[in-house]
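An overview of the molecular structure
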Amino acid sequence: MFERVEFYAGDPILGLMVEFANDTNPNKVNLGVGVYYDEDGVLPVLECVKTAEQRIADPFAARPYLPMEGLPGHRKGCQNLLFGKDAPVLQQNRVATVATIGGSGALKVGADFISKWFPQAKCYVSDPTWGNHIAIFEGSGMEVGKYPYYDKATGSVKFDELIAFFKTLNKNDVVLLHPCCHNPTGVDLTQAQWDGLLQVVKERELIPFMDIAYQGFGEDMDSDAYAIRKAVDMGLPLFVSNSFSKNLSLYGERVGGLSVVCPTEEEADRVFGQLKFTVRRIYSSPPSHGGRVVDIVMNDDELHEQWVSEVYAMRDRIKAMRLKLKSVLESKVPGRNFDYLTTQNGMFSFTGLTPEQVERLKTEFGIYMVSNSRMCVAGLNSSNIDYVANAMAEVLKD
Ligand SMILES: Cc1[nH+]cc(COP(=O)(O)O)c(/C=N/[C@@H](CC(=O)O)C(=O)O)c1O
């Protein structure tokens, strides 16, 4: 019956979590999956989340379905975070937003919506990108291509090639963009480059789909949303998928959102209805617990302020680990350039290690990075950073 079903090779990122859990090396270090661990190597529960949990704690409360679109406060929280609390586009009711099952659910709902209403559209992702981007859009039946992005030789963006490529695309083709904290490279566009790129998107009438999963881990909440707000200012139609997994440390609660910026309120109403229908036929409605936590933290001014400072503390610890690792590696591997550790942004660093060197880190030292050489810097802390630096220095001798 199922003999034709192919074996699943496993996910290059999530598969590492299983391997890591089974690794008996007492010195093992998880620099694989994009999860923030604190200075003690523990996945934190934010103080603002604890307060929100206390407010809703009632183990005997009923658990009704949420609406297909999720809680109004969850949706409002996404909109204020992405577009700015008093943004005209929100006052004009031109944004259709649904709460989703994490950022992954947002991408899936968006991909299914586009596949249905723009059946000729092709999707183009950065080279490289988060591996699941390709799987999600192909899973929605879309053809997925790659646009030039990361220049291995210089460690920067191949901006001229990217622009030239965008100029070859067709109306309504989708370009999947990382507004900040690019995954896996950590290499972001400057604001001037965003201005130029979005101008080409406008001229070619492309559909920009911005996936922001690390807002607050780059510079700050507003700067990290620059590309999103610039696109709105330019009057572009825009899809935005956002995730609270990392910046609320609510990974397993599966909380995110999909927002679609429309030219008119009437069109936003139509899109909102079809987004609800798309949710209904994929997973029907979103989880309630995480949605209630998002609602409280995002809409209580005091908790929101506390949340922002907690995200910035996570951001700053990652930046401190970048500086420390760079200085230790420079002392251990003189002559090799480690500037990328401090020029790259957000949770990830593209180390440039070969697959063989990455494999040696895992098998000989119990240090886990993604095979494409992505390192989750948030897995570093004062007690493991020297061990990691020594191991990297060792494999770099090859
Ligand atoms: C760019 C990006 N977008 C969306 C997601 C999905 O977020 P969620 O809200 O959990 O559905 C992730 C997760 N990335 C990390 C975990 C994973 O691969 O699922 C990672 O890159 O390690 C991203 O890195």
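Residues numbered from 1 in each chain as written. Predicted model: local features only at pLDDT ≥ 70, side-chain atom pairs only at ≥ 80, totals over all residues. Heavy atoms only, no water.

**So, the domain arrangement of the protein chain**
Filter applied, for reference: The domain boundaries here were taken from an automatic or database domain assignment. Note on contacts: a residue pair qualifies if any of its non-hydrogen atoms lie within 4.5 Å across the two residues. Two parts lose some accessible area (1.4 Å probe) when they are put together, and adding that loss for both gives the buried area. Definition used for salt bridges: Asp or Glu carboxyl oxygen within 4 Å of a side-chain nitrogen of Lys or Arg.
Under the domain assignment used here, the protein chain contains domain 1 (13–45 + 313–396) and domain 2 (63–299). On a C-alpha basis, the centres of domain 1 and domain 2 stand 28 Å from each other. Residue-level contacts link 19 residues of domain 1 with 21 residues of domain 2. Of all residues in domain 1, the largest losses of buried area upon contact with domain 2 belong to R315, N345 and F350, amounting jointly to 35% of the total for that side. Linking domain 1 with domain 2 are one salt bridge. A salt bridge links E219 to K319; the shortest N-O distance between them is 3.8 Å.

**Description of the environment of A111**
This is how the line gets drawn: To qualify as a helix, a DSSP run of H or I must reach at least 4 residues; to qualify as a strand, a run of E must reach at least 2; elements of each kind are numbered from the N terminus. Each residue gets one of three labels from its accessible area relative to the maximum for its type: buried under 20%, exposed over 50%, partly exposed in between, using a 1.4 Å probe on protein chains only.
Take A111: it is sitting in helix α5 (residues 102–117). Of the residues examined, A111 reaches a relative accessible area of 0% and is grouped as buried. Separated by 114 residues in sequence, A111 and A225 place their C-alpha atoms 21 Å apart. Beyond its immediate stretch of four places on either side in the chain, A111 contacts I136, F137, S140, M142 and F209.

**Regarding the site of the ligand**
Applied cut-off: Whether a residue is near a molecule or strand depends on its heavy atoms: if one lies within 4 Å, it is near. Pairs of N or O atoms are called polar contacts if they sit within 3.5 Å, as long as, within protein, a hydrogen donor faces a hydrogen acceptor (for residues adjacent in sequence, only side-chain-to-side-chain pairs). Surface accessibility follows the Shrake-Rupley procedure with a 1.4 Å probe radius. Residue values consider only the protein chains on display as shielding. Every definition here rests on a 1 Å grid over the protein atoms only: cavities are sets of points where a 1.4 Å probe fits but cannot get out, pockets are open sets enclosed by protein on both sides within 12 Å along at least five of seven lines, and lining residues have some atom within 4 Å of a point. To be counted as sitting in a cavity or pocket, a molecule needs more than half of its atoms within 2 Å of that site's grid points. The classification used treats Ala, Val, Leu, Ile, Met, Phe, Trp, Tyr, Cys and Pro as nonpolar, Asp, Glu, Lys and Arg as charged, and all other residues, Gly among them, as polar.
Around the ligand, a shell composed of 17 residues is seen, among which G34, S104, D211, Y214 and S243 lie nearest. At a separation of 2.7 Å, an oxygen atom of the ligand approaches a polar backbone atom of G103. Between an oxygen atom of the ligand and a side-chain N or O atom of R254, the distance comes to 2.7 Å. Across the complex, the protein chains shield 93% of the 520 Å² of accessible surface that the ligand would expose by itself. Among the detected pockets, the ligand sits in the largest pocket. Broken down by class, the residue content of the shell around the ligand amounts to six nonpolar, seven polar and four charged. Structurally, the shell around the ligand is a two-domain feature, drawing no fewer than three residues from each of domain 1 (13–45 + 313–396) and domain 2 (63–299).

**Quick notes on the UniProt feature "domain: Aminotransferase class I/classII large" (unreviewed entry) in the protein chain**
The test is simple: UniProt positions are given in the numbering used here, feature names are shortened, and annotations may be inferred rather than shown by experiment.
Within this structure's numbering, the places UniProt gives as "domain: Aminotransferase class I/classII large" (unreviewed entry) are residues 27–391. Across residues 27–391 one finds 45% helix and 15% strand; the C-alpha atoms that close the span lie 11 Å apart.

**Considering the layout of surface pockets**
Heads up, the condition is: Grid points are joined across faces, edges and corners, and a volume is the space filled by probe spheres set on the points.
Put simply, the largest pocket is a space of about 850 Å³. As for the largest pocket, its lining consists of 41 residues, of which I13, W130, N132, N183 and K246 are closest to the centre. Counting residues per element, the ones that place at least two in the lining of the largest pocket are α1 (14–22), α5, β3 (123–127), α6 (131–139) and β8 (207–212). Broken down by element, the lining of the largest pocket gets its largest block of residues, four residues, from α6. Per-class residue counts for the lining of the largest pocket are 20 nonpolar, 14 polar and seven charged. Of the voids in this model, the second largest pocket is the one considered here, and its volume is about 470 Å³. For the lining of the second largest pocket, a count of residues per class yields six nonpolar, eleven polar and three charged. When residues of the lining of the second largest pocket are assigned to domains, at least three fall in each of domain 1 (13–45 + 313–396) and domain 2 (63–299).

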